[in-house]
Amino acid sequence: MKMILWRMFGILLMLTALSLPLMQAPDRAVETLVAHWALPPSDFIDVKGQLVHLRDEGPRDDPTPLLLIHGTGDSLHTWEGWTQALKGERRVIRFDLPGFGLTGPFTGQYPPDDYHDATLAQFTLDLMDQLKLQKVIIGGNSLGGEVAWRVAAAAPQRVDKLILVDSAGYDFKSQAVPIGLLLAQVPVLSKLGEYLLPRAAVEASLRAVYAHQDRVTPELVERFYELTLREGNRRALGLRMRQIERGAGATQIATLRQPTLILWGQQDKLIPPENAQRFAHDIPGSQLVMLDGLGHVPQEEDPAASVAPVKRFLAEQSPAH
């Protein structure tokens with residue numbers, strides 16, 4: 001792997017010499033991005049000095065709101081399809097994790113360079129406190145899934161149900177890894193990436209996690225490209241990637257007792273479907289739904305197909321736990 005990365009570095013240097021003017025992409029102040037990516041119902045709230053971008057939709061009298069958490073390099077926009085399908089009956093809250101989207105790097109009372117899973121889980125609990133959410137149904141994709149189950153393990157009394165979508169948690173070997181995540185793991189390449197951002201690399205990264213290549217649209221690429229440029233996000237991504245400890249804390253998964261829905265894209269090449277079976281084995285009474293023909297981000301690749309089992313799951317009566 002290291003040899004491959006260094007070869008990529010050499011190729012990148014040659015390409016940089018030839019096309020530096022085209023690849024230069026300085027950080028953008030959040031104020032320049034808000035007008036396009038934080039349209040209503042977007043809001044910003046203060047959580048212990050951290051300004052957080054979120055959207056809170058649906059009936060406010062919902063006793064157990066749905067709290068959705070995106071994956072690495074993504075933003076709250078990934079849940080748009082699910083939100084449109086659910087907000088008529090359920091309160092749906094989604095937000096940009098620190099280091100991503102319009103929330104940007106950790107500030108305030110949080111350690112500025114700590115993007116470990118446990119830290120992001122504690123931040124999510126702090127957000128719940130700020131929003132006065134006593135109990136939620138929590139769900140997440142990839143990194144967001146790990147944050148979700150860590151919240152459920154740390155504060156079980158505050159999680160009514162759990163939804164894991166191609167979730168991180170166990171160790172795994174990928175068949176394909178987005179190039180942006182590969183480069184972010186190497187300090188020198190990550191540093192270079194703070195100044196350069198080829199759109200082609202963004203598109204290639206998205207194609208690596210989608211099964212249907214025709215659904216990687218110019219609009220999707222533009223969203224990821226612009227939000228990656230948010231000031232401080234590229235540095236935070238590098239820190240996050242180098243702080244990952246795959247499988248650390250996985251023993252907590254078997255302690256979960258909340259009703260759990262596990263959704264997995266059958267064509268996920270980043271986190272293999274075998275890990276879905278591991279979650280199903282370790283969480284008593286959990287439900288596993290494999291989504292045929294979909295990749296690592298099924299909630300965005302096919303919102304209608306992926307939200308259908310969620311609707312059924314939400315309609316089920318929660319047993320006492």
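Please refer to the structure higher up on the page.
Residues numbered from 1 in each chain as written. Predicted model: local features only at pLDDT ≥ 70, side-chain atom pairs only at ≥ 80, totals over all residues. Heavy atoms only, no water.

**Q** Even after reading the chapter, I still don't get the overall build of the protein, so can you show me in this structure?
**A** Within the protein, the secondary structure is distributed over 13 helices and 8 strands. Split into buried and exposed, the 321 residues of the protein put 55% on the buried side. Across the protein, contacts joining residues at least 24 apart in sequence account for 77% of those joining residues at least 6 apart. (Helix = DSSP H or I, 4+ residues; strand = E, 2+ residues; numbered from the N terminus. Buried < 20%, exposed > 50% of the residue type's maximum accessible area, 1.4 Å probe, protein only. Contact = heavy atoms within 4.5 Å.)

**Q** What am I meant to see in the pairing of strand 1 (residues 42-47) here?
**A** Remark: a regular strand shows side chains that alternate across the two faces of the sheet. As paired strands, strand 1 and strand 2 (residues 50-57) are joined by 6 bridges and run antiparallel to one another. Its bridge partner being in strand 2, Phe-44 is matched across the sheet by His-53. Counting the residues between successive antiparallel strands, the hairpin from strand 1 to strand 2 contains 2 residues, one of them, Lys-48, with a positive phi of roughly 55°. (Pairing = 2+ DSSP bridges.)

**Q** Would you explain helix 13 (residues 303-315) in this entry?
**A** For an α-helix, the turn length of 3.6 residues means that residues three or four places apart are oriented alike. Relative to the 18 Å expected for 13 residues at 1.5 Å per residue, helix 13 spans 18 Å between its end C-alpha atoms, a close match to the ideal helical length. Turning to helix 13, its buried residues number three or more, namely Ser-306, Val-307, Pro-309, Val-310, Phe-313 and Leu-314. Looking straight down helix 13, one finds its buried side chains confined to an arc of 155°; they lie on one side. Relative to its buried face, helix 13 has exposed residues pointing more than 90 degrees away, namely Ala-304, Arg-312 and Ala-315. (Expected span 1.5 Å × (residues − 1). Arc of directions from axis to C-beta.)

**Q** Explain the sheet that holds strand 7 (residues 260-265) here, please?
**A** Sheet strands associate in pairs through backbone hydrogen bonding, adopting either a parallel or an antiparallel arrangement. An order of 1-2-4-3-5-6-7-8 is seen for the 8 strands of this open sheet, with the pairing classed as mixed. Whereas interior strands pair on both sides, the edge strands pair on one side only; in this sheet they are strand 1 and strand 8 (287-291). Each neighbouring strand pair of the sheet contributes to a mean axis angle of 25°, computed without reference to strand direction. As judged from the 4 bridges shared by strand 6 (residues 159-165) and strand 7, these two strands associate in the parallel manner. Looking at strand 7, one finds that Ile-163 is bridged to Leu-261. Contacting strand 3 (66-69), strand 5 (136-141), strand 6, strand 7 and strand 8, helix 13 crosses the sheet at an angle of about 170° to strand 7. (Axes fitted to C-alpha atoms, helices over the stretch in contact; angles between N-to-C directions.)

**Q** Explain the pairing of strand 4 (residues 92-95) to me, please; I cannot follow it from the model alone.
**A** Across the two faces of strand 4 the burial is the same, with Val-92 and Arg-94 and Ile-93 and Phe-95 all buried. As paired strands, strand 2 and strand 4 are joined by 4 bridges and run antiparallel to one another. Within the sheet, the bridge partner assigned to Arg-55 lies in strand 4 and is Arg-94. Where strand 3 lies against strand 4, 4 bridges are found, and the strand directions are parallel. Among the inter-strand pairings, Leu-68 is bridged to a residue of strand 4, identified as Arg-94.

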